[in-house]
Amino acid sequence: MIRAATTPHPRLGVVKLASCDGCQLTLLNLEDELLAIAERLDIVEFPEATSHRSNGPYDVVLVEGSVSTPEQLEQIHEVRREAKLLVTIGACATAGGIQALRNFADHDAFRAAVYAHPEYIESLATAQPVADYVKVDAELRGCPINAAQLVELVTALLTGRRPNLPDEAVCAACKRAGRVCVMVAQGIPCLGPVTMTGCGALCPGYSRGCYGCFGPREQANVSSLSRQFISLGRSPQEAGRLFAGFTGYAEPYRDAIVELGGLPGASLAGERAHRAMGAGVNAEGKS
Amino acid sequence: MTTESATFERSFHVEGITRVEGEGTLHLTVHDGQVSDARLKIFEAPRYFEQLVVGRAPDEVIDITARICGICPVAYQISAAGAFESIFEVQIDPQVRALRRLLYAGEYIESHALHVYLLHAPDFLGYASAIDLAKDHRAVVEQGLALKKVGNALMALLGGRSVHPVSLRVGGFYHVPRRAELEALRPALANALTQAQATLDLVAQFQAPPFERPVRFVSLKHPAEYPLFDGRIVSNDGIDVGIGEWRAAFREEQHEGTNALHARTLSGETYQLGPSARVTNAADQLHPIAREALARIGLQEEIARNPFWSIAARALEILHYCAEALEIIDAYLPPAAPFAPWTPRAGAAGWGSEAPRGILWHHYETDEQGLVRSAQIVPPTSQNQGQIEADLRAFAPAVLSLEHGEATRRLEQLVRSYDPCISCATHFLDLTVEGA
Amino acid sequence: MTNVTKSAIGFLPRAGFQHLIELLAEDGRTVIGPTVADGAIVYGEIHHVADLPQGIGAEQAPGHYRLVHHADERFFAYAVGPTSWKRFVFPPTLALGESRRDDHGHVSFGPAPREIPRLAFLGVRACELAALGIEDRVFLGGPYTDEDYRARRANTLIVAVQCAEPAATCFCTSMGTGPGIRSGHDIALIELDEGFIVTAGTPAGSAIVTRLDLAEATAEQLTAGADQLAAARDRIGDPVVTAGLHDRLLAKLESPRWAQIAERCLACTNCTAACPTCFCTSVSQRSDLDGHTATTERRWDSCFTKGFAAVALGGNFRPRVQDRYRQWLTHKFATWIDQFGTSGCVGCGRCITWCPVGIDVREELNVIAPPPQVSAGPAEAAQPHAPRSSVFRVEGVRRETHDTVTLALSTPDGIDWSTARGEFVMVSLPAVGAVPISISRRLPRGLELTIRAVGPTTTVLTGLERGAEVGLSAPLGHGWPVAAAQEHDVVIVGGGMGLAPLRPIVDEILAARSRYGDVHIYYGARTPSDVLYTEELAAWAARDDLEVGVTVDRADATWLGRVGVVTHLFDRARWDGTKALAFVCGPERMIQATVNALAGRGLTPDRIFISMERHMECGVGLCGHCQVGPFFVCKDGPVFSLAQLGDVFGREGI
Ligand code: SF4
Ligand code: FES
């Protein structure tokens with residue numbers, strides 16, 4: 001649960017792990033609110049934007065990116081110790097992100113395929129969501145996060161109320177926006193029914209199916225939806241690739257991918273991948 | 001920042017360069033007033049994109065590679081689309097092409113305004129961040145944010161959102177806007193044009209540290225338009241290869257202690273990409289409004305010689321793209337179809353586009369179903385890295401006499417003038433050594 | 001040319017249709033009608049006949065919709081598409097109110113600025129007229145009304161067009177709503193190849209029709225219209241046998257089919273969004289960064305979302321998708337009838353077409369509740385509007401436990417609250433939220449509320465200090481029938497926070513102690529530190545005219561009293577249940593156990609009263625969250641007798 005900030009100027013940190021910086025850029029993209037937020041929150045750590053540095057303590061820390069190197073593993077524990085509230089932002093931090101698709105494959109082989117000198121590259125066997133390692137108090141989904149949800153989170157923090165971050169399907173927002181279902185009316189596969197809302201049902205508004213960047217919603221019925229994809233004429237492999245996007249490592253998308261035959265580029269190294277995938281995916285219980 | 005002073009040896013070490021996209025470390029060793037080693041280490045975690053796209057369909061690759069960098073996703077999408085369209089020989093409708101320039105213009109305006117105002121200006125004005133700068137000069141920062149917002153609005157209209165837009169696909173777009181939707185952006189853009197002029201006048205008053213050196217500028221070059229995603233790859237010293245032929249003039253290598261691959265010319269030399277390179281190599285193709293403005297501030301020579309003046313080149317490009325965006329909107333007629341259909345086939349091709357930081361080059365090989373067999377992605381920062389290190393080596397002696405903190409800040413400022421995007425520079429596969 | 005008189009039937013040639021659109025516009029209306037967008041026929045603004053889907057229809061099947069081209073030139077040769085008119089009279093998101101709270105804790109509440117557009121609906125089908133009629137009962141027929149809906153509805157003129165091209169998903173014939181137009185329209189049209197048969201249904205409609213200056217429809221035209229309708233009716237057939245459906249369906253609450261549907265059901269909410277009658281909503285707050293000014297916003301919600309059935313103090317009464325599907329289907333086809341005197345389904349088929357995996361309610365109904373006997377309850381009469389918040393001041397704060405406080409609140413407006421009926425109030429705090437809280441004591445000029453910090457809103461409420469202000473609705477809901485207990489013995493059983501709503505009963509009894517028989521108060525808390533009203537419990541216990549028992553689940557070093565579940569407090573008691581009335585409140589499991597124990601002591605279901613207040617959200621019968629079986633907990637309860645609840649009590653997933 002997000003509680004009222006106790007200090008008059010809560011100390012905010014923005015921390016990055018393996019990511020593309022797009023989620024933290026969303027904070028800088030709040031052109032209308034940025035300066036007002038900076039007046040109310042003391043931004044003590046945000047290397048992309050300021051040369052002031054701080055190792056904590058933080059009242060709130062926003063964590064972008066997945067844990068994929070030994071240093072990041074150390075870093076996330078340290079950040080957790082220093083933070084009253086730890087909020088993960090974006091698909092990388094909440095679900096492992098696109099780079100977590102490598103978890104479906106054998107890491108050494110992967111590293112060797114990408115780098116001429118794999119021995120120079122330090123990375124963990126898997127890229128994992130933050131909640132696999134430390135307690136997460138709240139999360140903002142999306143690749144990238146949605147600006148309005150970020151403002152909602154900050155406002156809730158400052159006013160002490162519950163952030164209004166519904167866990168319903170993308171469809172709910174899509175229909176409120178008056179969009180026509182792309183799957184029913186055009187036969188385009190869409191992950192909307194199993195994906196958590198928050199983006200404003202962007203993709204169906206651009207005549208394409210949702211690609212699931214906000215990750216699975218509660219009780220996502222992926223098997224029913226994949227059966228429907230196949231009856232729309234997609235091969236199992238194609239259907240599997242639809243789930244293998246920016247949150248493909250999150251349950252139950254992960255299961256759907258494996259069930260539909262695994263990932264093409266990453267031959268599934270059975271045992272090992274499964275062991276690595278054992279951990280829970282995200283902190284659903286935000287309260 | 002840490003300092004180790006010895007009589008003969010002095011080292012500057014910046015652990016985690018701030019106000020850049022991603023994470024990097026700067027390390028410089030100085031012996032008796034001579035720089036013995038300059039290293040920009042990139043410790044951004046590897047994300048293995050070139051392997052992640054193997055087996056994926058072209059439209060998926062467009063969305064996946066965008067995630068290499070949240071600051072310039074359009075660049076990744078356009079370069080990838082260009083490579084696939086080259087393999088499948090897709091003809092792009094001229095209006096669709098114009099919309100792609102418009103989308104890209106949005107990214108330039110956003111990315112450059114971010115860099116000029118929020119990341120780089122604080123260096124010139126002596127602040128730790130734009131937030132500190134805003135305490136004294138709120139109007140300046142607000143102007144930067146207003147420009148940024150217009151860039152974002154363009155991307156949001158054409159692509160649904162500004163970070164990782166969702167509209168681009170091989171052959172065109174999933175969805176194109178109506179004319180009225182574009183026209184609604186006109187007033188904000190017209191206002192941005194004025195603010196872009198003001199930006200240029202503002203940065204022209206900045207004091208750049210004195211530092212001049214000759215440099216090899218590499219950019220795209222198009223006969224009729226300011227270089228963006230078409231033309232040839234050229235340099236100011238005679239390199240001239242097709243847009244798909246990057247490998248005919250350049251190569252990548254991996255160095256210890258960094259997760260990024262470096263690029264060099266085939267003969268092993270460094271080069272510079274980005275706004276200064278484009279403004280120098282293609283000054284004649286700038287929009288007349290931007291050309292006039294350049295004449296007014298008169299910094300063309302400085303841009304060509306002093307890397308710190310890249311801030312002026314960036315401001316100039318903001319102006320150029322505001323002007324070009326207005327023209328595209330005025331001439332827009334919705335295309336008959338949002339995208340041209342294509343048939344998958346086996347093949348291989350490279351394509352590049354001018355990301356705000358310089359040429360971003362992709363190369364893909366596909367199988368008969370059009371799925372990716374192998375990929376190579378060469379981002380601008382890994383190409384600039386050699387030149388950044390060379391500049392650091394050349395510039396460092398000039399700051400050695402300064403107080404350590406100040407000297408370090410100057411060195412950081414130099415790195416920042418390349419707007420290095422470290423997220424971009426980390427992930428890349430050297431195909432020539434070990435294939436997938 | 002003879003002018004068509006008010007009652008006569010006119011004919012509008014196709015070429016004159018633009019004139020009708022213009023007349024509607026001249027009447028100051030934005031015309032909303034069918035138009036093609038994104039691969040479907042949707043309702044949007046119509047300026048010109050060219051905006052209409054001329055020569056275009058749609059092929060529909062479960063989970064499938066495709067536009068098709070017709071040979072003819074008709075404008076309305078399609079069956080209903082994805083949009084329904086509810087979007088225009090019951091907007092998907094709506095600002096309900098604006099509130100402020102300054103740094104000193106002063107609060108104020110006001111309505112949100114609102115503009116009610118003047119609309120004309122063009123092309124409303126018979127099933128859609130029926131749907132609007134149902135929405136009228138839902139929003140305007142209960143104890144509280146939706147004034148926004150009333151205003152929008154009043155500002156709308158309806159031009160209906162009779163169906164000639166039903167889809168394969170239609171079943172209005174079974175639901176008795178179509179395809180023929182009967183009532184609810186201002187103007188009705190029947191489209192023929194060469195034009196439209198026109199009739200007016202209301203004076204407003206006939207004012208427009210008169211200006212069309214029509215010739216009378218010929219006998220052939222009327223016959224063609226009737227034939228067309230008969231053909232449409234035949235095409236639809238009678239896919240669902242509705243006779244006795246209410247009872248048949250409610251008899252199958254344990255059908256294995258529910259679980260099978262859940263394997264396919266995505267719980268994506270498309271069916272409820274497409275449904276022209278589904279009305280459930282949720283409310284949230286939006287505010288500026290400081291929380292000084294806030295907007296309360298209502299948005300469409302659905303019984304398919306998990307959060308929808310979440311209850312106060314934690315828990316969810318419809319955790320599984322099969323529970324949610326059962327709630328939806330049984331509500332639509334059965335309990336809706338108990339609530340509103342009409343089925344909630346009009347047979348438009350939208351939920352079938354727009355289900356992404358093509359679940360077909362017709363098929364499910366026939367499998368779950370195979371045929372045939374009809375039942376219907378009376379519709380309720382319209383009553384006063386939903387109450388607005390009045391400002392109350394915190395006069396005192398008493399800490400009950402580590403997370404629970406009792407706020408004493410008074411109103412400056414001098415209303416005597418000591419006699420106000422109702423069991424709970426909606427407490428709202430600008431930018432934070434609004435929650436239903438039961439009254440724990442009535443005071444001459446106010447009341448007491450005992451609140452536990454479980455969510456952010458209650459966390460802020462429990463942190464309020466003396467002098468702070470909050471908004472309170474008038475007391476809502478049906479409270480404890482204390483008066484009925486006069487001359488009887490009374491058994492009061494509370495668990496945890498459940499003691500709070502029971503306290504006013506004790507107050508009322510003590511105010512006229514002699515009118516009641518023996519009074520037994522039993523209270524169970526989790527631990528000694530969770531015990532509410534410790535001093536008062538002690539004071540009650542000290543009286544010789546009350547029996548008081550307190551127990552805890554887990555004792556600590558300070559506790560010398562009873563340990564164990566609350567029913568143990570009276571399992572050896574000597575009183576005779578057949579002479580008593582019982583009032584029970586607490587967590588569901590505790591209520592269940594207590595009810596069993598009471599029944600064992602001879603209390604009949606009509607004399608056991610329980611409160612189901614944890615289910616409530618909006619408190620005024622409009623949001624739909626609190627529905628349990630046929631009941632709205634907020635307006636039918638929250639206090640119910642077991643007899644009233646019948647087998648709804650204690651059933652999982654209802
Ligand atoms: S979640 Fe997406 S946008 Fe955010 S950092 Fe990761 S890749 Fe970038
Ligand atoms: S209808 Fe909203 S709480 Fe009962």
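Computed from a predicted model, the values in this text were never measured in an experiment.

Some points on the overall build of chain A
On a plain count of helices and strands, chain A comes out with 13 helices and five strands. Within chain A, the fraction of its 287 residues that count as buried is 67%. A sequence separation of at least 24 residues applies to 73% of the contacts in chain A between residues at least 6 apart. A total accessible area of about 8,900 Å² is found for chain A, and carbon and sulfur atoms account for 51% of it.

Things to note about the nonpolar core
Membership of the largest hydrophobic core comes to 358 residues, with the highest contact counts inside it found for L62(A), F243(A), Y364(B), F17(C), Y325(C), W328(C) and L329(C). Contact partners of L329(C), with chain neighbours within four places excluded, come to L249(C), W258(C), A334(C), V361(C), L365(C) and I368(C). With 30 residues, the next largest nonpolar core counts M497(C), V506(C), L532(C) and V639(C) among its residues.

Considerations on the confidence of the model for chain B
Detailed reading of the predicted coordinates is not advisable wherever pLDDT falls low. All names here are of chain B. Confidence along chain B averages 89 in pLDDT terms, with 89% of residues attaining 70 or more. This stretch, residues 1–8, has a pLDDT under 50; its non-local contacts, to residues over four places away or in other chains, come to twelve contacts. The model gives residues 425–436 a pLDDT under 50, and that stretch makes 54 contacts with residues more than four places away or in other chains. Overall fold confidence (pTM) sits at 0.87, and the ipTM for the predicted complex is 0.89.

Quick look at the interface of chain C and chain A
Contacts between the two partners involve 54 residues from chain C and, on the opposite side, 41 residues from chain A. Overall, the association of chain C and chain A removes approximately 3,500 Å² of surface from exposure, summing both partners, and the carbon and sulfur fraction of that is 54%. Contact with chain A buries surface across chain C, with L266(C), L289(C) and P456(C) losing the most and accounting together for 21% of the total. If you look at where chain C meets chain A, you find two salt bridges. Note that D290(C) is salt-bridged to R40(A), the shortest N-O span being 2.6 Å. Between chain C and chain A we count 22 residue pairs in polar contact (both at pLDDT 80 or more) in total. Listed by contribution, the elements that provide at least two residues to the side of chain C that touches chain A are β3 (40–45), β5 (64–69), α9 (257–264), α10 (270–274), β13 (281–287), β14 (293–300), α11 (321–340) and α14 (456–462) of chain C. No other element matches β13(C), which puts four residues into the side of chain C that touches chain A. Residues belonging to the side of chain C that touches chain A are distributed by class as follows: 26 nonpolar, 15 polar and 13 charged.

A few points about the packing of aromatic side chains
Residue and element names in this part refer to chain C. One pass over the full model with this rule turns up 47 aromatic pairs over all chains. Considering the side-chain rings of F76 and F196, the 6.1 Å spacing of their centres and the 80 degrees angle between planes classify their relative orientation as edge-to-face. Here F196 lies in strand β11 (residues 195–200) and F76 lies in the loop between β5 and α2 (86–89), a separation of 120 residues in the sequence. Like F76, the residue F196 is buried in the burial classification. Aromatic side chains F279 and F340 sit 6.0 Å apart centroid to centroid with 90 degrees between the ring planes, which places their arrangement in the edge-to-face category. Taken together, the residues F279 in the loop between α10 and β13 and F340 in helix α11 connect sequence positions 61 residues apart.

A short note on the sheet that holds strand β1 (residues 10–13) of chain C
Residue and element names in this part refer to chain C. Taken together, eight strands build an open sheet; the order of strands is β3-β2-β8-β9-β10-β11-β1-β12 and the sheet is mixed. If you trace the sheet from one side to the other, it starts and ends with β3 and β12 (215–216), each paired once. Taken together, the two bridges between β1 and β12 define a ladder with antiparallel strand orientation. Paired with G10 across the two strands is E216, which belongs to β12.

With respect to the site of ligand 1
Taken together, 15 residues sit near ligand 1, with C20(A), C23(A), A91(A), C92(A) and C143(A) positioned nearest. More than one chain approaches ligand 1, the contributing ones being chains A and B. Mapped onto the shell around ligand 1, the elements with two or more residues apiece are α1 (22–28) and α4 (90–95) of chain A. Counting residues per element, the shell around ligand 1 draws most heavily on α4(A), which supplies three residues. Looking at side-chain class alone, the shell around ligand 1 contains six nonpolar, five polar and four charged residues.

Digging into the environment of A375(B)
All names here are of chain B. With respect to the element layout, A375 can be found in strand β14 (residues 372–378). Note on A375: relative accessible area 0%, which makes it buried. Linking A375 and D132, residues 243 residues apart in sequence, is a C-alpha distance of 43 Å.

Structural notes on the packing of helix α4 (residues 94–125) of chain B against helix α14 (residues 404–416) of chain B
All names here are of chain B. At a minimum axis distance of 9 Å, the contact between α4 and α14 shows a crossing angle of 150 degrees. Our classification of the angle between α4 and α14 gives roughly antiparallel. In this structure, α4 crosses over α14, and the sense of that crossing is left-handed. Contacts between α4 and α14 involve H115, L119, H120, D123 and F124 from the first element and R410, Q413 and R416 from the second. For the contact of α4 with α14, the per-class residue count stands at two nonpolar, three polar and three charged.

So, helix α3 (residues 73–88) of chain B
Residue and element names in this part refer to chain B. End to end, α3 covers 23 Å across 16 residues, agreeing with the expected 22 Å (1.5 Å per residue, within 8%). Of all 16 residues in α3, 15 are buried, a share of seventy percent or more. Positive backbone phi, at 50 degrees, marks E89, one or two positions downstream of α3.

Some details on the domain arrangement of chain A
Accessible area lost when the parts come together is the quantity often used to give the size of an interface. All names here are of chain A. According to the domain assignment, chain A consists of domain 1 (11–159) and domain 2 (170–260). A separation of 25 Å is found between the C-alpha centroids of domain 1 and domain 2. On the domain 2 side, the residues contacting the 17 residues of domain 1 number 18 residues. In total, domain 1 and domain 2 occlude about 1,300 Å² of area from one another, counting both sides; carbon and sulfur atoms represent 65% of this. The largest share of the area that domain 1 buries against domain 2 comes from F104, R141 and C143, three residues that together contribute 41% of it. Across the domain 1-domain 2 interface, the total number found is zero salt bridges. Joining domain 1 to domain 2, the criterion identifies five residue pairs in polar contact (both at pLDDT 80 or more). Looking at the side of domain 1 that touches domain 2 residue by residue, the classes come out as ten nonpolar, six polar and one charged.

Definitions and cut-offs
- Residues numbered from 1 in each chain as written.
- Chains lettered and ligands numbered in written order.
- Predicted model: local features only at pLDDT ≥ 70, side-chain atom pairs only at ≥ 80, totals over all residues.
- Heavy atoms only, no water.
- Helix = DSSP H or I, 4+ residues; strand = E, 2+ residues; numbered from the N terminus.
- Buried < 20%, exposed > 50% of the residue type's maximum accessible area, 1.4 Å probe, protein only.
- Contact = heavy atoms within 4.5 Å.
- Areas by Shrake-Rupley, 256 points an atom, 1.4 Å probe, with all protein chains shown as cover.
- Core = buried A, V, L, I, M, F, W, Y, C linked by side-chain atoms within 4.5 Å.
- pLDDT = per-residue confidence, 0-100.
- Buried area = accessible area lost by both parts, 1.4 Å probe.
- Salt bridge = Lys/Arg side-chain N within 4 Å of Asp/Glu carboxyl O.
- Polar contact = N/O pair within 3.5 Å; in protein donor to acceptor, adjacent residues only side chain to side chain.
- Nonpolar A, V, L, I, M, F, W, Y, C, P; charged D, E, K, R; others polar.
- Phe/Tyr/Trp six-rings, centres within 6.5 Å; stacked < 30°, edge-to-face > 60°.
- Pairing = 2+ DSSP bridges.
- Near = heavy atom within 4 Å.
- Axes fitted to C-alpha atoms, helices over the stretch in contact; angles between N-to-C directions.
- Parallel < 35°, antiparallel > 145°, perpendicular 65-115°, else oblique.
- Left-handed = near helix turned anticlockwise from the far one by under 90°.
- Expected span 1.5 Å × (residues − 1).
- Domains from an automatic or database assignment.

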